[in-house]
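Fold and geometry: a report
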Protein chains: 2
Amino acid sequence: MSVQLLAQLDGLLGQAGMLTASTDCAPYVQGARYGQGVAVAVLRPATPEQAEAALSLLHAHGAPFVLQGANTGLVAAATPDASGRQFVFSLDRLKDSITIDADERTATVGAGVRLSELNEAAAAMGLCFPIDLSADPTIGGMIASNTGGARLIKYGDVRANLCAVDAWLPERGGMLRFGSALRKNNTGVDFKQLLCGTGGAFGVILRATVRLHPLPAQRATALVVPASSAAVMPLLAALERELPEFIASVEGMSQEAMQAVFRNVPSVRNPFPAGQVPPYALLVELSTSLPARALALDTVLQDALGALMEQELLSDALFGDQDMLWALRHGISDALRHEGRVIAFDIALPRKHWAPFRAWGQQWLAASWPGVRICDFGHVADGGLHYNLVAPKTGPQALDDEAIAALRTTLLDTVVRDYDGSFSAEHGIGPYNRAYYQRYTPAPVRRLAGELQSAMMPALQWRNVHFD
Amino acid sequence: MSVQLLAQLDGLLGQAGMLTASTDCAPYVQGARYGQGVAVAVLRPATPEQAEAALSLLHAHGAPFVLQGANTGLVAAATPDASGRQFVFSLDRLKDSITIDADERTATVGAGVRLSELNEAAAAMGLCFPIDLSADPTIGGMIASNTGGARLIKYGDVRANLCAVDAWLPERGGMLRFGSALRKNNTGVDFKQLLCGTGGAFGVILRATVRLHPLPAQRATALVVPASSAAVMPLLAALERELPEFIASVEGMSQEAMQAVFRNVPSVRNPFPAGQVPPYALLVELSTSLPARALALDTVLQDALGALMEQELLSDALFGDQDMLWALRHGISDALRHEGRVIAFDIALPRKHWAPFRAWGQQWLAASWPGVRICDFGHVADGGLHYNLVAPKTGPQALDDEAIAALRTTLLDTVVRDYDGSFSAEHGIGPYNRAYYQRYTPAPVRRLAGELQSAMMPALQWRNVHFD
């Protein structure tokens, strides 16, 4: 590593902008779920100008770096490798401004602005950025991973709400702006699409403009017990047919997943009659900007669920405390860690294959992997399924890394090849799942992706996320 | 032109699949608005396999061709040039199947299926492809031009509803599938985005999967007279804030545009009291899938407009025959042709610049181009403005081509540079407006676009639409 480069970066970024002590670097080199590496230094520019100057230095020296937002990603895309030769380029201080244009319903923000910070500023103007998830990522990170979340069916993913990005592209003159706040603007290649969902591999996003939505005036939420696993998709279809403008979320939770929360998160109480947790439950949320005097959303939901009960698609519906229901849903991921070794999957399935896949999984795991419990949950409305398994940490049924890798591959092969599903629904591609990207992506597509990536971001600079 | 190639194409496609007589070719070489050229032959494959074989032949011989759907595009992207060396590759017979997956709410169709044909098939299942416009393009053409239309604010453009494309890419092994019907699938580069809105320059789309929506159960429509030009955007903002789930369309029509319809389209009657046409009017449409027993949409619209009248944002609202109101709106484009020489613009503006731009246009045209009438109309809700002008065809104020080119450049310079607008809101890029693409697109972005295009579709083959 060039002493000259380090000195130049130090001069540019100052003490707060360049971390080298291992205790200071520790939070930046450990992935939120996977990955643990070593960084030459963590670079934290405070302004877009500083960022641009630092990127130019790194580029001039051919120094590899990984981009990082709030370090909440789940595929290790933001984690340095073990070589000790990579920099972490953190955008967490790029939050100089949040400019909200209420007429256009847009926000223009530095890449380091957190989702919660954007929503706080937007709420003051009756607006929101409605991509909802339990973590609090930066907007730059959300674009890089095209975050989906729990309300995709109403609002779409980040891609659907992305207006423009200011991105730094080496050998392309530095900063370029792609896109605009205009709703119609068909004037060539929509480059910002290449920067969305590709983990920073196609350009370094320093600023972005996103579309905001009116804050809902009403929400109505119910915990619904479907008549069976096979009834879940017909139930969703019926809700969507009757109430498409209002459905914000249909989240699924298996019995094992809910029980893990009741066992491990004391603040969440069991809402089911006599504490009897059903095999599966759905958190159904409607929302609208209509005031209650125009439409009582609770009544709309109750009527719709009543009709579905008559059609024998559901066996019960509980109208409880909304915050408590969401605490149950969002508590699952953490609660499972107390139950054993979690083998997490972020898959998506076509609607018609959702119930058959779940049935297959139950049979296959019982037969081939005794001791592994299925604690699946996730986004029924958009097909995203956190098919998380829990294995014992000790004892004869504990699994080593090799066994888990074998389980993982067989399961993902089945998802992708037999059920037309996705091996990465919303977490994107990183070192953690690059092998699966290579396994399931046709070779001509990978070659093409590699060539496009090279044109946008010469591969030398970027070792963590690549699509060739 | 190689005799061998023509013989091979003839053998492959047969009489119905290859037109060479000039009378047969005539409808394919004349653009819907701009452009008139000559074709070696019009190739009309009947199946994806035939299309692929024909494309491979063209590629092997290095023969240039232009892609064409229903030939309804408005920027000459589908029109051959005057050289007589290009083929027209028409996809209008690629309509072998329309496969609707009601569970997933998708339709998979050949590129040559017309919008009306798709909607007829979808309606039988209570669904629709809601990109609404007055022409009847093919789905392939809609993807290539990323059609927006009149209901974008509710449903988005084609891009927002595009799930997957099967595209032929030379030197990439031929047919590749990009995308899937899955709502969440973050597994790499979203290549289909490069094929959307780029006029076929990034690949030949032979089949596509699009998202369908539930057919509305109710529509409510009103013809609204805003209090002033300055009141239009606050009125839109208020409607969007109160009724975001229901707004399907807010279309604007200037006095001159409406009068042209009343003069030239006898089937459309003047709905205004005493026939007094106001300076501007808005066609406001709400829609919902809720049944009337849950919500009376007419009442919702009347209440909302009543409140806005109290705020003095509008001076009148007429609740008439929906079909008649849409006939008024859709009749403008044709009606203007009877009024003189039409100078058409497909621009888009930020909301805050809409009224100031209209005021500027009135002043500028009156001062610099006497005799030119402003007959603007279009998509107020999404900022797309058909800023169409009418000049006398004869007499001292008639304009020649050179004068029109000068007018066009000054106006578009103002739109793009002074008002942050778009020179092509929804019609895309083709030979007609390529000079403006070059004028307003930064050189590094054009270079990058050219490189990406070359990787996907070697430039040799494709002379009509290029982004370098």
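My aim in this report is to walk through the structure given alongside it, one point at a time. (Residues numbered from 1 in each chain as written. Chains lettered and ligands numbered in written order. Predicted model: local features only at pLDDT ≥ 70, side-chain atom pairs only at ≥ 80, totals over all residues. Heavy atoms only, no water.)

Some points on unusual backbone geometry
Residues and elements named next belong to chain A. Operational definition: A run of DSSP states H or I qualifies as a helix once it reaches four residues; a run of E qualifies as a strand once it reaches two. Both are numbered from the N-terminal end. Between buried and exposed lies partly exposed: a residue is buried under 20% and exposed over 50% of the maximum accessible area for its type, with that area taken using a 1.4 Å probe on protein chains only.
The backbone phi angle of Asn71 is positive, close to 55°, even though this residue is not glycine. The backbone of Asp420 shows a phi angle near 55°, a positive value even though the residue is not glycine. Position of Asp420 among the secondary structure elements: in the loop between helix H13 (401–418) and helix H14 (434–440). Here Asp420 falls in the partly exposed class, since its relative accessible area comes to 46%.

Focus on the pairing of strand S3 (residues 65–68) of chain A
Residue and element names in this part refer to chain A. Spelled out, the test is: When DSSP locates at least two bridges between a pair of strands, those strands are taken to pair.
Along S3, one buried face is formed by Phe65 and Leu67 and the opposite face, lined by Val66 and Gln68, is buried too. With 4 bridges connecting them, S3 and strand S4 (residues 87–90) associate as parallel partners. Considered in S4, the bridge of Val66 is made with Val88.

Concerning the state of the cysteines
All names here are of chain A. What counts, and what does not: Here, two cysteine sulfur atoms that lie within 2.5 Å of each other are counted as a disulfide.
The full count for this structure, using the stated rule, is 0 disulfides over all chains. Cys163 supplies the cysteine sulfur nearest to Cys196, a cysteine that is in no disulfide, at a spacing of 12 Å. For Cys196, a relative accessible area of 0% gives the class buried.

A look at the sheet that holds strand S6 (residues 106–110) of chain A
Residues and elements named next belong to chain A. Under the convention used in this document: Only the stretch in contact is used when fitting a helix axis, every axis being a line fitted to C-alpha atoms; angles between N-to-C directions are given from 0 to 180 degrees.
Read across the open sheet, the 5 strands follow the order S5-S6-S10-S8-S9; overall the sheet is antiparallel. In this open sheet, the two strands that pair with only one neighbour each are strand S5 (98–101) and strand S9 (174–179). Between one strand and the next, the sheet's axes are offset by a mean angle of 15°, whatever the strand orientation. Pairing analysis gives 6 bridges linking strand S8 (residues 162–169) to S9, with the strands arranged antiparallel. Bridged to Val165 within S9 is Phe178.

A look at the sheet that holds strand S16 (residues 341–343) of chain A
Residues and elements named next belong to chain A. Definition in use: The contact definition used throughout considers only heavy atoms, calling two residues in contact when any of these lie within 4.5 Å.
Strand order in the open sheet formed by 3 strands is S16-S21-S18, with antiparallel pairing between adjacent strands. The two strands at the open ends of the sheet, each matched to only one other strand, are S16 and strand S18 (373–374). Here S16 runs beside strand S21 (residues 389–391); their pairing, made up of 3 bridges, is antiparallel. Within S21, the residue paired with Val342 across the bridge is Val390. Where H13 meets the sheet, its contacts fall on S16 and S21, and the angle it forms with S16 comes to roughly 30°.

A look at the relation of the copies chain B and chain A
Keep this limit in mind: Fitting of the copies onto one another was done by least squares over C-alpha atoms, counting residues only where both copies have pLDDT of at least 70.
Relative to chain A, chain B is turned by 180° and slid 0.0 Å along the rotation axis, the superposed coordinates differing by an RMSD of 0.0 Å. This pairing of chains is accounted for by a two-fold axis. For chain B, the residue whose C-alpha comes nearest the rotation axis is B:Glu245, separated from it by 2.8 Å. Interface overlap between copies: 100% of the residues of chain B at the interface are likewise at the interface in chain A, consistent with a symmetric, same-surface contact.

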